[in-house]
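The chain contents come next:
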Amino acid sequence: MNELHERLDALSRAGSEGLRVARPDIDAHRLRRKVWLPVGALAAVIAIVVGIVVWQAAGGDGGDEVVTTDRSTTPDAATDTSAAPPTTAASRTPMVAFAEGTGGEVGEPSTLRIRFIAPDGSVIADRAWSEVQEPQPGMPGQVIASRGLLQRVPVGRTRIEIRSTGSGWTCITTVTATPDSRLIVGSKEGDLVGDAGACAAVTSVDEMLAMSSPVPAAARPYLGMTAAEAEAYAKAQGTDIRIVSDNGLSRVVTMDLRPDRVNLTLYDDRVVTASLG
Amino acid sequence: MDYADFFGQAAPGLVRMCFLATLDREVAADAAQEALTRAWRDWDRIGVDGSNPEAWVRTVALNLCRSRWRRVVRFSRLAPRLYEVDDRPDRLPDLDLHDALRSLPTRQREAVVLHYWADLRVEDCAAVMGVSAGSVKQHLSRARARLATALGTPAPDEEVPTR
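Residues numbered from 1 in each chain as written. Chains lettered and ligands numbered in written order. Predicted model: local features only at pLDDT ≥ 70, side-chain atom pairs only at ≥ 80, totals over all residues. Heavy atoms only, no water.

A.B. asks: Before we go on, may I ask you to explain the sheet that holds strand β7 (residues 156–164) of chain A in this structure?
C.D. replies: Neighbouring strands of a sheet are bound in pairs by backbone hydrogen bonds; such pairs are parallel or else antiparallel. Residues and elements named next belong to chain A. As summarised here, the arrangement of the 4 strands in space is β3-β2-β7-β8, forming an open sheet in which the pairing is antiparallel. Of all the strands in the sheet, just β3 (123–128) and β8 (170–177) have a single pairing partner and so form its edges. Strand-to-strand twist across the sheet, computed as the mean angle between neighbouring axes with direction ignored, equals 20 degrees. Alignment of strand β2 (residues 112–117) against β3, held across 5 bridges, turns out to be antiparallel. Bridged to isoleucine 117 within β3 is valine 123. (Pairing = 2+ DSSP bridges. Helix = DSSP H or I, 4+ residues; strand = E, 2+ residues; numbered from the N terminus. Axes fitted to C-alpha atoms, helices over the stretch in contact; angles between N-to-C directions.)

In structure tokens, the structure reads:
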């Protein structure tokens, strides 16, 4: 690894020799802040004054009238979800999402089978990757997968056998689940390395969230929503959204940067993280 | 951190990273410049304490590298070549590695650059590339095998697994 690092380092030095990038004008940056900060402050003051006027015109604080609300018996409190996004209760059933390749890529139907086996040798489930593959309109015989394959597993150790009935490639890995586990197993079928230790990668939603950037305020309302709820919410807000990963399967997406677009990561039909771009 | 300090620290490495990711000097300089300018524009947001502007600017630069490199490749396929471009200059010290990197798919090359050159952990590579750690490991694994074949050397060591 050190040798490769050194060779890459030497190549990068030589390849970028003479290339210079210019620092943006710092003075202009300061000027921009000097101009925009007072404008922002003035706008905030105007907004506060207008708010107070409107509030008083609407009856102020209600004078001496005392209003009490029993939330437990108010129908709207129980059913109205428009004001706040639905919250997700922590899953109490361990879940494993199996993912192969990249979502949205067109290919032949898969021959992968995934068997989930309990410590006593009993088969928890015998699944096929083709379950999540869908025919591609206009391309006979071609399919795509847009999400990973979900499987509930018991708490404790579960052995996962991934086998390609076409090529005979086999991979065996083990996951250990706690009641709240949301695991992701990515297979590496066809990997040239392909030894038992590297034929599958195991990660979790929590690990994924830990290394993700904080969710921007504009994207936070989507957290916990289902895909359908997110679509409806985005439509109401006039916002563009797209699903970039579903059940551990990353989708092919365009790499253009659009600061007003919300990128959603789903797991078990819930948005677990979101970003702008 | 002040933007000027950040620029001084990040700019040289960013240009080099973009060169390794694209193997094209023009695209590398263009993408690095654009990413650093966007960082300057958004510095009030990304330069606050606790944020990671270096990761942010790497992500933006790689996105730009990818889209502009695609555009360059697409254009070069469609348009007649009106000028000569020395895209494999003899002064490069390691043409074997240059050609081996060029033969890698974009994502595999990015993973190699971030992990083996920038020394980022798999998780950090994943954050910069906007993919899962498992996906990065997959790219690295395939890239290692291809590089080993192309360079006629043993595959570099595996990255440290996260579990």
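Now that the structure is up, let's keep going.
A.B. asks: How do you make sense of the pattern of salt bridges when you look at a structure like this?
C.D. replies: Pairs can form between side chains of opposite charge whenever their charged atoms are close. Enumeration over the complete set of coordinates arrives at 20 salt bridges over all chains. Taking the shortest distance from any N to any O, the salt bridge between Arg182(A) and Asp206(A) comes out at 3.6 Å. Within this pair, whereas Arg182(A) is found in strand β9 (residues 182–187), its partner Asp206(A) is found in helix α4 (residues 205–210), the two being separated by 24 residues in sequence. Residue Arg182(A) is classed as partly exposed on the basis of its relative accessible area of 25%. Arg41(B) is the partner of Asp42(B) in a salt bridge, and the nearest nitrogen-oxygen pair spans 3.2 Å. Its relative accessible area of 16% is what places Asp42(B) among the buried residues. Sharing partners across several salt bridges, the network here consists of Glu3(A), Arg7(A) and Asp94(B). (Salt bridge = Lys/Arg side-chain N within 4 Å of Asp/Glu carboxyl O. Buried < 20%, exposed > 50% of the residue type's maximum accessible area, 1.4 Å probe, protein only.)

A.B. asks: I tried to follow the confidence of the model for chain A on my own but got confused; where do I start?
C.D. replies: A low pLDDT means the predicted coordinates there should not be read in detail. Residues and elements named next belong to chain A. Overall, the predicted model of chain A reaches an average pLDDT of 76, with 72% of residues at or above 70. By mean pLDDT, helix α3 (residues 75–79) is the weakest element of chain A at 30, and strand β6 (residues 149–152) is the strongest at 95. Low confidence marks residues 59–91, where pLDDT is under 50. Its contacts with residues over four positions away, or in another chain, come to 17 contacts. (pLDDT = per-residue confidence, 0-100. Contact = heavy atoms within 4.5 Å.)

A.B. asks: Help me out: how do you make sense of the sheet that holds strand β10 (residues 200–204) of chain A in this one?
C.D. replies: All names here are of chain A. The strand order across the open sheet formed by 4 strands is β6-β1-β9-β10, and the pairing between neighbours is mixed. A single partner strand is all that each edge strand has here, and the edge strands are β6 and β10. Ignoring which end each strand starts from, the neighbouring axes of this sheet average 25 degrees apart. Note that strand β1 (residues 95–100) and β9 share 6 bridges and pair parallel. Opposite methionine 95, over in β9, you have arginine 182 as the bridge partner.

A.B. asks: Just to check I follow, could you spell out helix α7 (residues 122–129) of chain B for this structure?
C.D. replies: Because each turn of an α-helix spans 3.6 residues, side chains separated by three or four positions in sequence point in the same direction. Residues and elements named next belong to chain B. A large share of α7 lies buried, amounting to 6 of its 8 residues. Every buried residue belonging to α7 is among Val122, Glu123, Cys125, Ala126, Val128 and Met129, and all of these are buried. With its phi angle positive at about 70 degrees, glycine 130 sits one or two positions after the end of α7.

A.B. asks: So what exactly am I meant to see when it comes to the packing of helix α6 (residues 106–117) of chain B against α7(B) here?
C.D. replies: Residues and elements named next belong to chain B. The geometry of α6 relative to α7 is characterised by a closest axis approach of 10 Å and an angle of 130 degrees between their N-to-C directions. With respect to each other, α6 and α7 are oriented oblique. Remark: the crossing between α6 and α7 carries right-handed chirality. Only Val122, Cys125, Val128 and Met129 of α7 make contact with α6, whose side of the interface consists of Arg107, Glu110, Ala111, Leu114 and His115. Within the contact of α6 with α7, the residues separate by chemical class into 6 nonpolar, 1 polar and 2 charged. (Parallel < 35°, antiparallel > 145°, perpendicular 65-115°, else oblique. Left-handed = near helix turned anticlockwise from the far one by under 90°. Nonpolar A, V, L, I, M, F, W, Y, C, P; charged D, E, K, R; others polar.)

A.B. asks: Explain the nonpolar core here, please?
C.D. replies: Side chains of nonpolar character tend, in soluble globular proteins, to be buried together. Grouped together as the largest cluster of nonpolar side chains are 61 residues, with contacts concentrated most on Leu8(A), Met17(B), Leu36(B), Leu101(B) and Val112(B). The element contributing the most residues to this core is helix α1 (residues 3–22) of chain B, with 12 residues. Ignoring anything within four residues of it in the chain, the contact list for Val112(B) reads Leu8(A), Leu101(B), Leu104(B), Trp117(B), Leu140(B), Ala143(B) and Leu147(B). Membership of the second largest hydrophobic core comes to 24 residues, among which are Ile114(A), Ala145(A), Leu149(A) and Val185(A). (Core = buried A, V, L, I, M, F, W, Y, C linked by side-chain atoms within 4.5 Å.)

A.B. asks: Help me understand the pairing of strand β14 (residues 270–276) of chain A in this model?
C.D. replies: Side-chain direction in a regular strand flips from residue to residue, so the side chains alternate between the two faces of the sheet. Residues and elements named next belong to chain A. Pairing of strand β13 (residues 262–267) with β14, which is carried by 6 bridges, proceeds in the antiparallel orientation. Residue pairing for β14: asparagine 263 is matched across the bridge by serine 275. Linking β13 to β14, which pair antiparallel, is a turn of 2 residues; within it aspartate 268 sits at a positive phi near 55 degrees.

A.B. asks: Got a minute to help me understand the pairing of β6(A) in this structure?
C.D. replies: Residue and element names in this part refer to chain A. Of the two faces of β6, only one is covered, namely that formed by Leu149 and Gln151; the face formed by Leu150 and Arg152 stays uncovered. Bridge count between β1 and β6: 4 bridges; the pairing is antiparallel. When the sheet's bridge partners are listed, alanine 97 is paired in β6 with leucine 150.

A.B. asks: Even after reading the chapter, I still don't get unusual backbone geometry, so can you show me in this structure?
C.D. replies: A negative phi angle is the norm for most residues apart from glycine, just as the trans form is the norm for most peptide bonds. A positive phi angle, near 55 degrees, is found at Asp269(A), a position not held by glycine. Asp269(A) gets classed as partly exposed once you look at its relative accessible area, which sits at 41%. If you check the backbone angles, Leu23(B) has positive phi at about 60 degrees while not being a glycine. Tracing the chain through its elements places Leu23(B) in the loop between α1 and α2 (25–41). Using a relative accessible area of 3% as the deciding quantity, one classes Leu23(B) as buried.

A.B. asks: Would you take a moment to explain the confidence of the model for chain B for this structure?
C.D. replies: All names here are of chain B. Confidence along chain B averages 81 in pLDDT terms, with 80% of residues attaining 70 or more. Per-residue pLDDT, averaged within each element of chain B, yields its smallest value for helix α4 (residues 53–78) (73) and its largest for α6 (94). Low pLDDT, under 50, characterises residues 74–86; the predicted model gives this stretch 1 contact beyond four residues in sequence or across chains. Predicted as a complex, the structure gets a pTM of 0.45 and an ipTM equal to 0.84.

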